[in-house]
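Each chain, letter by letter, is given below.
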Amino acid sequence: MQTLYFDLRDTKGQQKEIGDKIAAAAKILQDGGLLGIPTETVYGLAANGLDAAAVRRIFEAKGRPQDNPLIFHVTGPQWLPRYCVDIPPLAYVLARKFWPGPLTMILKCRTDVVPSAITAGLDTVAVRCPDHPVTLAIIREAGRPVAAPSANTSGRPSCTTAQDVLEDMDGKIEGVVDGGPCAVGVESTILDLTCDPPRLLRPGGLPLEDLERLIGRIDVDQAVTRSMGEGERPRAPGMKYRHYAPKAPVTVVTGAPGQSAREIQRLVGPTSGVICFDEYVHLFPEQEVHALGPSGDKSVQAQRVFDALRTFDQSAVTEIFAQCPDSQGLGLAVGNRLKKAAGFHVVEADSERVVLGITGGTGAGKTSALQAIRDLGGTVIDCDAVYHEMLQQDEALRSDLGAAFPGVLAGGKLDRQRLGREVFSRKERLDQLNDIVFRHLGPELRRRLSEGKELLYAVDAINLMESGLGQLCDRTIAVTAPLELRVRRIMARDQITEEYARLRISAQKTDEYYRNKCDCVLNNAADSAEAFQIEAKDFFQRLIQQIREEKQRSAG
Ligand code: TXA
Ligand code: MG
C-alpha cells in the first residue's frame, strides 16, 4: 500500500489547496482507511470511530493488544451526548476550560452507538478534543468522531513528527497528514470522571495542578507511579504495558539535577547512552547524549522526551541513563514516560551517599584505613573478593576468560594455578587478563552500588585507577607510608626477611604513582596501627563532611 503524504504544515497559504487536502484526508477516513493525524500532544493513527472494521485495522497496524481501548476524538463538548450517558456537569466545566486541549475524559459510554472495538468491551469511553486546526478541520469535514491511539507501533515511543509516523507506519496506512512537530510532545492527561473524586489515570500535557485548581481533589491512580504487578489491572488498560521503550534498557535517575547528573556520571560506561538536561551534556563527552532541554523548562522536556527515547533505537548503546525532572507540573508526565520506558527501574541520586575509593601498596596501612571507615559505619567492598566470587558465578566473565585462556576452564572449574602460570611472567598476557577482569568488574560494582542502600561505601581495590573503578567514587584516596616504615611493618606482619620485604614492595607500584593518580593522599607515618586508625578516622570524617557539603551545594 502506498501511504499518501499531505503537507499541511502551513495553513496560512492557498486556502483552496488546503481545503482540497483536508477533503482528501477526510475522504480516507470516510472510506474506512487509516490516517496519521497531527495533534498538539502526539501524532494519532486515526480511523472513522463509528466503523468497527476500520477501527480493527488500527489494532493490526499498530500491533496493539485488543484489550487496550482507544480515544474518541471530537471537535467539542456538543458531541458528548451522542456517545456518552450520565455525563456529570463537571465534564462540561472541564471541557469549557480545557478543550480543545490535552485532556481526555473517561465517561459512561452509549454502548449501542460506540463500537466495542473502541472500548475494548468496557462500559466507559475516552473522549478528547485535540487542539490542532488541521485535525479539527478533518474531523469536521469527515463528520464523524475519530478513533485515534498514538501513531507509534505498539510498545515504541510515541510519534511527535510526521516523519516518526512514516518510520513506523509507511506502507501500512492510507495517508499521513503533516501538521508540523507536536507543540506539547506528551500524550493527553486522562481523567476518569466515572468515580468520585475523579481519578488521574495518565499524567499528560495538562498538569494535574491545573485540573485541581479548577475542580479540587483528584486521586492519582497507582499505575502512574509504579509498575503493575502480575495480574493487576490498571484503570487505563494501556498503563500496564512496558511502553515508550527503546531497545536498550533504561535506568531513570531521580533527585536534584546536579545530583542526578553526578550519579549518572558515576554509572555510565563507554557504551552507555545518556538523556540529560542541557546543562550537563558536557559531563558526558564519551557517551551518546540526547539533551532533554534546560532543567528549568519542562515544556521543552515534554517536547523532547519521546524524540530522545526514539533516537536511541537507531543506536548501538547497551544501556541508557536518564535524568528526570521533579513531579511538579509537566514533570509528572515527563517523569512517567521516562519511568515507563525504564519499566520503573529508578535509582535515587542520594545527596547523603558517599563512595570512597581506597588504594595503596602493601604495608602502607590500607587495612587500618578500611577499618576506620567501618568504624564510621561504612561498608567496604573488597574488589578482590568480588572478583573471586565472579570467577565462580559470572558466566560472562568465565566465558571471556575461557576464550582468551583456553584450558583454564577445563571441566567447568577454573584452574587458577594454570591461569597464574599463564600470566606470571608475561606482561601482555597479564594485561589481557586485567582487561577482561576490569571490563566485567565495573558493571558488577555499579550494580552493587546502585542496589545498595548504605550511606557510606569504601571500594577497596589495588587496581582502583587502572580498572576505571575510581570513576565510581566521589574521591579516590591513596594510602601511602615512608618506605622504611613499610619494610618494617611487612617484616613483622608476615614474618619475612628484610630482603624479601623490599622485594615485595619493589614489585608494586610506587607511592609516587598512587599520589599522582588519586584525588587525595592519606600518609601513614604513625607509630602503631591503632594510632593510624584514629588519624584515618578523623581524616575520613572531615573528607565525608566536605563531600556531603559539596553535594548539597550542587543539589542546591
Ligand atoms: O494525546 C493523546 O491522548 C493521543 C493523541 C493521538 O490524541 N492519543 C493517545 O492514545 O495517547 P493511546 O491509545 O496511545 O492511549 C490511550 C490510553 C490508553 O492507555 C488506554 O488504555 C486509555 O487511554 N483508555 C482508553 N479508553 C479508556 C477507558 N474507557 N477507560 C480507561 N482508559 C482508557
Ligand atoms: Mg500510545
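Residues numbered from 1 in each chain as written. Chains lettered and ligands numbered in written order. Predicted model: local features only at pLDDT ≥ 70, side-chain atom pairs only at ≥ 80, totals over all residues. Heavy atoms only, no water.

Caption draft 1: Local environment of the site of ligand 1. Near ligand 1 there are 28 residues, and of these Thr41, Asn68, His73, Ser188 and Gly238 occur at the shortest range. Within the side chain of threonine 124, one N or O atom sits 3.0 Å away from a nitrogen atom of ligand 1. One of the backbone N or O atoms of proline 237 is found 3.3 Å from an oxygen atom in ligand 1. Its free accessible area being 680 Å², ligand 1 has 98% of it covered by the protein chains. Residue classes in the shell around ligand 1 are distributed as 15 nonpolar, eight polar and five charged. (Near = heavy atom within 4 Å. Polar contact = N/O pair within 3.5 Å; in protein donor to acceptor, adjacent residues only side chain to side chain. Areas by Shrake-Rupley, 256 points an atom, 1.4 Å probe, with all protein chains shown as cover. Nonpolar A, V, L, I, M, F, W, Y, C, P; charged D, E, K, R; others polar.)

Caption draft 2: Fine view of the pattern of salt bridges. Applying the stated criterion to the full structure yields 41 salt bridges. The residue aspartate 168 makes a salt bridge to arginine 156 at a minimum N-O spacing of 2.7 Å. With aspartate 168 in helix H7 (residues 162-169) and arginine 156 in the loop between strand E8 (146-147) and H7, this residue pair connects regions lying twelve residues apart in the sequence. The residues aspartate 168 and arginine 156 share a single accessibility class, namely buried. One salt bridge in this structure joins arginine 235 and aspartate 192, with 4.0 Å as the shortest N-O distance. In this pair, arginine 235 sits in the loop between strand E12 (219-220) and strand E13 (250-254) while aspartate 192 sits in strand E10 (residues 189-192), placing the two residues 43 residues apart along the sequence. (Salt bridge = Lys/Arg side-chain N within 4 Å of Asp/Glu carboxyl O. Helix = DSSP H or I, 4+ residues; strand = E, 2+ residues; numbered from the N terminus. Buried < 20%, exposed > 50% of the residue type's maximum accessible area, 1.4 Å probe, protein only.)

Caption draft 3: Structural detail: the environment of alanine 236. Here alanine 236 is to be found in the loop between E12 and E13. The buried category is assigned to alanine 236, whose relative accessible area is 11%. It is 9.7 Å that separates the C-alpha atoms of alanine 236 and alanine 126, two residues lying 110 residues apart in sequence.

Caption draft 4: Structural context of unusual backbone geometry. Residue proline 100 is reached from tryptophan 99 by a cis peptide bond, and omega for that bond is -10°. Structurally, proline 100 is set in the loop between helix H4 (89-98) and strand E6 (103-109). A cis geometry characterises the amide bond from aspartate 196 onward to proline 197, with omega recorded as -5°. Within the secondary structure layout, proline 197 lies in the loop between E10 and strand E11 (199-202). Notably, alanine 120 is not glycine yet its phi reads approximately 50°, a positive angle.

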